[in-house]
There are 2 protein chains.
Amino acid sequence: MSTAQLRSESRGQYEAKAYAAAGAKSPLAPISITRRDPGEHDVQIEILFCGICHSDLHQVRSEWSAMPTVYPCVPGHEIVGRVSKVGSAVTRFKPGDIAAVGCLVDSDGNCPECQAGLEQFCQHMTFTYNSPDVHLGGVTYGGYSDSIVVKEHFVLRVPSNLNLAGTAPLLCAGITTYSPMRHWRVTKGKKVGVVGLGGLGHMAVKFAHALGAHVVVFTTSPNKKEDALRLGADDVVISKDADQMSNHLGSFDFIIDSVSAEHDINTYIQLLRPDGNLTLVGAPDKPYAVSALGLLFKRRSLSGSLIGGIAETQEMLDFCGKHNITADVEIIPIQKVNEAYERLSRADVKYRFSIDMASLKSQ
Amino acid sequence: MSTAQLRSESRGQYEAKAYAAAGAKSPLAPISITRRDPGEHDVQIEILFCGICHSDLHQVRSEWSAMPTVYPCVPGHEIVGRVSKVGSAVTRFKPGDIAAVGCLVDSDGNCPECQAGLEQFCQHMTFTYNSPDVHLGGVTYGGYSDSIVVKEHFVLRVPSNLNLAGTAPLLCAGITTYSPMRHWRVTKGKKVGVVGLGGLGHMAVKFAHALGAHVVVFTTSPNKKEDALRLGADDVVISKDADQMSNHLGSFDFIIDSVSAEHDINTYIQLLRPDGNLTLVGAPDKPYAVSALGLLFKRRSLSGSLIGGIAETQEMLDFCGKHNITADVEIIPIQKVNEAYERLSRADVKYRFSIDMASLKSQ
């Protein structure tokens, strides 16, 4: 008898509807998956919307050598839904509540990172999909599904004023851009650059604007200017224009770079003022070429950031509630997910797809 | 009449002995240079010792395209001496005091950087040598000389217990390593790595040890182990040994990298714990290849640092006085400076040359 079977016998389980890829070259297709019945610390959520993140596409196609994909793969880590059942020890949620789940569904809880609220850096954290599932064996299954069961600590509250389809992408695109801005102290009066205006970039613009910063968007596409201004940018720089770029030399407190395609980051490092920081949230395959002098001469720093901890994700959602911030989304039924992937790979979406999971019921 | 002549007429000047290079391929040789008589805010210093910095060698050979060398070039920015004369407005020094001068002799004093005590990042700062000299025209001349005249703000006090030959290198090698450790909060209990054990590295070990950190030296040379431990290291890792390196994965709060030769910094980034920082103080010609994932996964940062401000340089000297820290030096007469350059380019010195300027009197 396998470990997975032993585990599944120790507790009840049920069948859930989902969409999964059977292999790196397979389209997503309907599947029936096993979920655990909620344990005493668990929350069961009926999923209403799930955002499509660029990571979903990479993982489904097994494009990350460091994190090979286990098939079938049910992606989705931008989850919003309604609580349908809670375990006996759950205190913060009751059936009927609107709740959300992001990229993490578990961590060890005891290590220095967990104690510091940085569950995303816990050595034993569990991603929402494609991580070993300690309850049922196999791997975790994500939000392209009609329901999910998650430990209460990893379930977020959603402010009641927020549009739910636009809230889903906050759980990854939102926290990924909010967290480094808080860490590097973006506040009123700071000059903030946003490189790239896609799913992450458009959230970065909204957050930097709401935090009171002077926001400059860098884009290679002149036709994105109007939209950037609408989203909250104060200025737009066409990054291919050296004159426009040099007008901003040494002037930025913080720049967030959301571009995964290969590009020269030294140009952006030169735009930072003393002690300025450039944070990468995109991860190209190739390493960046970084000139040491650009960092030395103004004590600038280059860093990376990966989603955020659970407490900070809740803080971000509350901030969104206060400022009425959601992602700009195009709502699709799950049946159009493969088409959406094709469009996403061409960056043809403003700015995030949000899957209406009601469509899965009629599957 | 040239601007330089006009300027020199407005105030007195005098002839000083020095060593200069006449061109990129010329050896250093005796020369007579013009110094200004001290103005009301100036301090005139009889130079007792001047350290030889690797920058001296680069600048003399005009190896930095961004900062072409003007000849004759009198290098030297690790200066310790005795005050011989002060201007009428000088309050902190009197003749007979021991004083020091580092890499900077002027800045605008009004910009945000100067106001923040970061004169090294002032757009209008004047380097001790090879910067435009607003008083006499031409360029500034450094410490390979029997005297120098410097604005009081840029003159440092030297604690009376310090050995003067070993104090000279504190003015560049010292502050260059002390400043980033203070900025990135190296304190008791932190784990600090020092990459490379040369002029900068050996100072970094002494400071990190005195600050109470657990200090690990990374070196390619097994024969440096004993010396690293003597200087204050708690552990020495041979960086070519992958097993030794992997024992330290994800464990460092701060790593200072003083190596100018080409090397893989991703290996060191992987050794940082969450929020850990790697600061570069060496500047190789070629850009570094930096993997974004190494930065993303623990919110690590990569930064640079360049000497330090004047107030922090004084703080560093006072710290050295309190902990009786000086550089390990080999004292040479100025007549051996060309030989010392040859040895320095082979890294054949433990750990800094300090020129005894008394030797220049007998020239």
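Residues numbered from 1 in each chain as written. Chains lettered and ligands numbered in written order. Predicted model: local features only at pLDDT ≥ 70, side-chain atom pairs only at ≥ 80, totals over all residues. Heavy atoms only, no water.

1. Overview of the domain arrangement of chain A
The accessible area lost on association of the parts is a frequent measure of interface size. Residue and element names in this part refer to chain A. Each domain of chain A was delimited in the assignment, giving domain 1 (3–172 + 329–362) and domain 2 (173–304). A straight line from the C-alpha centre of domain 1 to that of domain 2 covers 29 Å. With eight residues of domain 1 at the contact, the number on the domain 2 side is twelve residues. Counting the surface lost from both domain 1 and domain 2, the interface buries some 810 Å², and carbon and sulfur atoms represent 54% of this. For the domain 1 face of the interface with domain 2, the top three residues by lost area are Leu170, Cys172 and Tyr351, together amounting to 69%. (Domains from an automatic or database assignment. Contact = heavy atoms within 4.5 Å. Buried area = accessible area lost by both parts, 1.4 Å probe.)

2. Remarks on unusual backbone geometry
That bond from Tyr71(B) to Pro72(B) is cis: its omega, 0 degrees, falls within 30 degrees of zero. Along the polypeptide, Pro72(B) turns up in the loop between helix H2 (54–60) and strand S4 (79–86). The step from Lys350(B) to Tyr351(B) runs through a cis peptide bond, and the omega angle for that step is -10 degrees. Looking at where Tyr351(B) falls in the secondary structure, it is placed in the loop between helix H12 (337–345) and strand S18 (352–356). Of note in this structure, Asn130(A) is not a glycine but carries a positive phi near 65 degrees. Considering the arrangement of structural elements, one finds Asn130(A) in the loop between strand S7 (126–127) and strand S8 (147–151). Even without being glycine, Ile307(B) reaches a positive phi, approximately 35 degrees. Looking at where Ile307(B) falls in the secondary structure, it is placed in the loop between strand S16 (301–304) and helix H11 (310–323). (Helix = DSSP H or I, 4+ residues; strand = E, 2+ residues; numbered from the N terminus.)

3. A word on the sheet that holds strand S14 (residues 272–280) of chain B
Across the sheet, which stays open at both edges, the twelve strands sit in the order S12(A)-S11(A)-S10(A)-S13(A)-S14(A)-S16(A)-S16(B)-S14(B)-S13(B)-S10(B)-S11(B)-S12(B) with mixed pairing between neighbours. Only two strands of the sheet have a single neighbouring strand rather than two, namely strand S12 (235–238) of chain A together with strand S12 (235–238) of chain B. Going across the sheet, the axis of each strand differs from the next one's by a mean of 20 degrees, ignoring polarity. In the sheet, strand S16 (residues 301–304) of chain A pairs with S16(B) via three bridges, with the strands oriented antiparallel. Bridge pairing in S16(B) places Ser301(A) opposite Ser303(B). Helix-sheet contacts for helix H5 (residues 173–183) of chain A involve strand S13 (252–257) and strand S14 (272–280) of chain A together with S14 of chain B, and the interaxial angle to S13(A) is about 155 degrees. (Pairing = 2+ DSSP bridges. Axes fitted to C-alpha atoms, helices over the stretch in contact; angles between N-to-C directions.)

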